[in-house]
Amino acid sequence: MRKLPNGLKIGVATASYQIEGGWNAGDKTPSIWDTHCHKEPCPVKDNTSGDDTCESFKYYKRDLEMIKFLGFHFYRFSISWPRLLPDGFTNRISETGREYYNNLINGLLENNIEPIITLYHWDLPQTLQELGGWSNPLIVDWFGDYAAVAYQLFGDRVKTWITINEPKQIGVFGYGMTRMAPALNISGIADYIAAKNMVLAHARAWHIYDKQFRSTQKGTCGITIATDFRVGLSDSRDDVEAGLDAMDFEVGLYSHPIFTSKGGFPERVIQRVAEKSKEQGYTRSRLPDFSDEEIEYAKGTSDFYGFNHYSTKFFTRDTYTPGKHPIPSYDDDIGADFTYLDYEKGAVPHVTVIPHGIRKALKWVKENCNNPPIMITENGFATFGGLEDMDRIFYFRKYLYSILDAIEIDGCNVTSYTVWSLMDNFEWDSGLSVKFGLFEVDFEDEKKTRTARLSALWFKRLIKTKCLDLEHIPEMEEKIHF
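Bear in mind the structure is a predicted one, so any value in this text is a computation, not a measurement. (Residues numbered from 1 in each chain as written. Predicted model: local features only at pLDDT ≥ 70, side-chain atom pairs only at ≥ 80, totals over all residues. Heavy atoms only, no water.)

J.: How would you sum up the overall build of the protein? Please name residues and give values.
T.: Scanning the protein from terminus to terminus reveals 16 helices and 15 strands. Here the C-alpha radius of gyration of the protein, 21 Å, is about what a compact globule of 482 residues would show, namely 23 Å. Evaluated residue by residue, the protein yields a buried proportion of 63% over its 482 residues. Sequence separation of 24 or more characterises 76% of the internal contacts of the protein that already satisfy a separation of 6 or more. Here the protein has roughly 18400 Å² of accessible surface; of this, 50% comes from carbon and sulfur atoms. Charged side chains of the protein number 54 positive and 68 negative; the gap between the two group centres comes to 3 Å. (Helix = DSSP H or I, 4+ residues; strand = E, 2+ residues; numbered from the N terminus. Rg over C-alpha atoms; globule rule 2.2 N^0.38 Å. Buried < 20%, exposed > 50% of the residue type's maximum accessible area, 1.4 Å probe, protein only. Contact = heavy atoms within 4.5 Å. Areas by Shrake-Rupley, 256 points an atom, 1.4 Å probe, with all protein chains shown as cover. Lys, Arg positive; Asp, Glu negative; His and termini not counted. Charge placed at Lys NZ, Arg CZ, Asp CG, Glu CD.)

J.: So what about the pattern of salt bridges? Which residues, and what values?
T.: When the charged atoms of two side chains lie near each other, side chains of opposite charge can form a pair. Per the counting criterion, the structure on display carries 34 salt bridges. Across the pair Arg2 and Asp405 runs a salt bridge whose closest N-O atoms are separated by 3.0 Å. Of this pair, Arg2 sits in strand β1 (residues 2-3) while Asp405 sits in helix α15 (residues 390-408), placing them 403 residues apart in sequence. For the pair formed by Arg2 and Asp405, the shared burial category is buried. (Salt bridge = Lys/Arg side-chain N within 4 Å of Asp/Glu carboxyl O.)

J.: Which residues make up the packing of helix α7 (residues 139-154) against helix α9 (residues 190-217), and what values do they have?
T.: Two elements in contact, α7 and α9, have axes separated by 8 Å at closest approach and are oriented at 30°. Between α7 and α9, the angle falls in the class roughly parallel. Considering how the two elements wind past one another, α7 and α9 form a crossing that is right-handed. Where α7 abuts α9, its residues Ile139, Val140, Asp141, Phe143, Gly144, Ala147, Ala148, Tyr151 and Gln152 lie against Asn197, Leu200, Ala201, His202, Arg204, Ala205, Trp206, Ile208, Tyr209, Phe213 and Gln217. In terms of residue class, the contact of α7 with α9 is built from 13 nonpolar, 5 polar and 2 charged. (Axes fitted to C-alpha atoms, helices over the stretch in contact; angles between N-to-C directions. Parallel < 35°, antiparallel > 145°, perpendicular 65-115°, else oblique. Left-handed = near helix turned anticlockwise from the far one by under 90°. Nonpolar A, V, L, I, M, F, W, Y, C, P; charged D, E, K, R; others polar.)

J.: An account of the side chain of Ser31 is needed here, citing residue identities and associated values.
T.: With respect to the helices and strands, the residue Ser31 is situated in the loop between α1 (16-19) and α2 (32-37). On the basis of relative accessible area, Ser31 is assigned to the buried category, the value being 1%. Residues in contact with Ser31, not counting those within four places in the same chain, are Tyr17, Pro82, Asp123, Leu124, Pro125 and Gln126.

J.: Lay out the sheet that holds strand β4 (residues 114-120) with the relevant residues and their values.
T.: Read around the closed barrel, 8 strands run β2-β3-β4-β5-β6-β8-β11-β12, paired in parallel fashion. Between one strand axis and the next, the sheet turns by 25° as a mean value, whatever way the strands run. Strand direction decides the pairing type here: strand β3 (residues 74-78) and β4, joined by 5 bridges, are parallel. Bridge pairing in β4 places Arg76 opposite Ile116. (Pairing = 2+ DSSP bridges.)

J.: Outline the sheet that holds strand β10 (residues 337-339), supporting the account with residue identities and numerical values.
T.: Within a beta sheet, neighbouring strands are joined by backbone hydrogen bonds and run either parallel or antiparallel to one another. Pairing within the open sheet is mixed, and its 3 strands lie in the order β7-β9-β10. Of all the strands in the sheet, the pair left with one neighbour each is β7 (229-232) and β10. The sheet shows a mean angle of 35° between the axes of neighbouring strands, direction not considered. Taken strand by strand, helix α10 (residues 237-259) contacts β7 and β9 (312-316), and its axis lies near 160° from that of β7.

J.: Outline the packing of aromatic side chains, supporting the account with residue identities and numerical values.
T.: With the rule as written, the count across this model stands at 40 aromatic pairs. Ring centres of Tyr151 and Tyr209 lie 4.9 Å apart, and the angle between their planes is 70°; on these two criteria the pair is classed as edge-to-face. Taken together, the positions of Tyr151 in helix α7 and Tyr209 in helix α9 put the pair 58 residues apart, joining distant regions of the chain. For the pair shown, Tyr151 and Tyr209 are each scored as buried. Summarising the aromatic geometry, the rings of Tyr310 and Phe436 are spaced 6.0 Å apart at their centres and angled 75° between planes, so their arrangement reads as edge-to-face. (Phe/Tyr/Trp six-rings, centres within 6.5 Å; stacked < 30°, edge-to-face > 60°.)

J.: Can you tell me about unusual backbone geometry, naming the residues and giving the values?
T.: Residue Pro182 is bonded to the preceding Ala181 through a cis peptide linkage, with omega at 5°. In this structure, Pro182 sits in the loop between α8 (167-175) and α9. In the segment running from Ile327 into Pro328, the intervening peptide bond is cis, with an omega of 0°. Positionally, Pro328 belongs in the loop between β9 and α13 (330-334). For Asn47, which is not glycine, the phi torsion reads 60° and is therefore positive.

J.: Please provide a residue-by-residue account of α8, values included.
T.: The element α8 is extensively covered by neighbouring structure, given that 9 of its 9 residues are classed as buried. Along α8, the residues that are buried comprise Pro167, Lys168, Gln169, Ile170, Gly171, Val172, Phe173, Gly174 and Tyr175.

J.: Outline helix α3 (residues 56-70), supporting the account with residue identities and numerical values.
T.: Relative to the 21 Å expected for 15 residues at 1.5 Å per residue, α3 spans just 18 Å between its end C-alpha atoms, considerably shorter than the ideal helical length. Largest kink in α3: about 35°, centred on Arg62. After α3 finishes, the residue Gly71 shows a positive phi value of roughly 85°. (Expected span 1.5 Å × (residues − 1). Bend = angle between axes of the 7 residues up to and from the residue.)

J.: So what's going on with the pairing of β4? Which residues, and what values?
T.: Taken across its 7 residues, β4 has 6 buried, putting it largely inside the fold. Across 4 bridges, β4 lies against strand β5 (residues 160-165) in parallel orientation. Looking at the pairing, Tyr120 lines up with Ile164 of β5.

J.: Tell me about the environment of Lys398, and please be specific about residues and values.
T.: Along the chain, the position of Lys398 falls in helix α15. Lys398 sits in the partly exposed class, given a relative accessible area of 38%. Along the primary structure Lys398 and Gln212 are separated by 186 residues, whereas in three dimensions their C-alpha atoms are 42 Å apart. Every residue in contact with Lys398, bar those within four places of it in the chain, is listed here: Glu344, Val353 and Pro355.

Set out below in structure tokens:
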């Protein structure tokens, strides 16, 4: 039995495209994920989409009841950019979109649940993608304009803002590969351009909040970075270097410009991409430069470190051979193989159960990012379904135990913990087949009935008792539906 630290907030998260449905309700226009999922053939593994998914656009009041039932302190959700600004620009604000998010925010506050808003959780307006999306430097202005509208409309009640969720996944999977929308597949080039533009777009949104809204709204603004841990497979010099390189490519590329005193991209990434680019015959590095002015503009532009974590990878150069990945590419620039070893696996590889990794990742943030306040904004475990999800409970028990070690032993400044996710939803390239929810969703039911899993009851007790009980196993005496 371990007592949770005083003041540690426990919340739950979702994202707009994954739960809202209503993809063309009112005057909403297509996002890049609408376009991606409507391709023929469908690129999603189970041929599903977010067209209707959990239908939270209709049934958000049931979501509020679920959150209140479990006792969570806050709810992290995202705004759909094309639902609020149908043209992508500020010339037209959707009354339907404004009303929906106002109702959701007000409903949360009426139930004593704090709203935490993510401005961008991957569903870019298709109109802006046709102008280049995150590869167009003008998106810094477009995103700043969008952020200002959201602050103006909702900031009187919303006191915690997350600008961008997981820039690595946006750039590497969406611009460098075909795994995510918009599936450009220009690895080693488009992903790095997007990385720079996302850092500057985040900085623009932070500066707008800081200068125009903070004094009256009294809130905070930050970014969320996927911070799964990366480490060498062995103690050999090559493997140690591979782990350090991977951590800087996968995390430091986005954290270093914002959270370090030096700013700009990490030196390891700059050197490796420059050397590879020269070998490949490029006139200049494929990694874009930050100007001195841009470096100063981005530094210090986050009031907290938004920390998403699921698992750990182990890297080695012993088995890596040149040409294993396309040249140029992000993977070839890292130049190493990885493994999850033989740890327990979930429904997708990136939830392999390696709980000590989250402690090491939190300590890495403390030591490499000037010891910021850390909001754990996502942590969760995927299965293929079932209400008696003991494997999910075991995952949470182990990871929370390691988080408490990071707080109590390592002195990491963790202020909140967020479960991914409230309910089963559209899990991107896995579609509806992979389940992360504390609540099971019946996707065949018109009302998308949600049923509490054992893990939901486990969290209800955790929050009520404020203790991590390593022995407690909840019992489901009757099914609880919403």
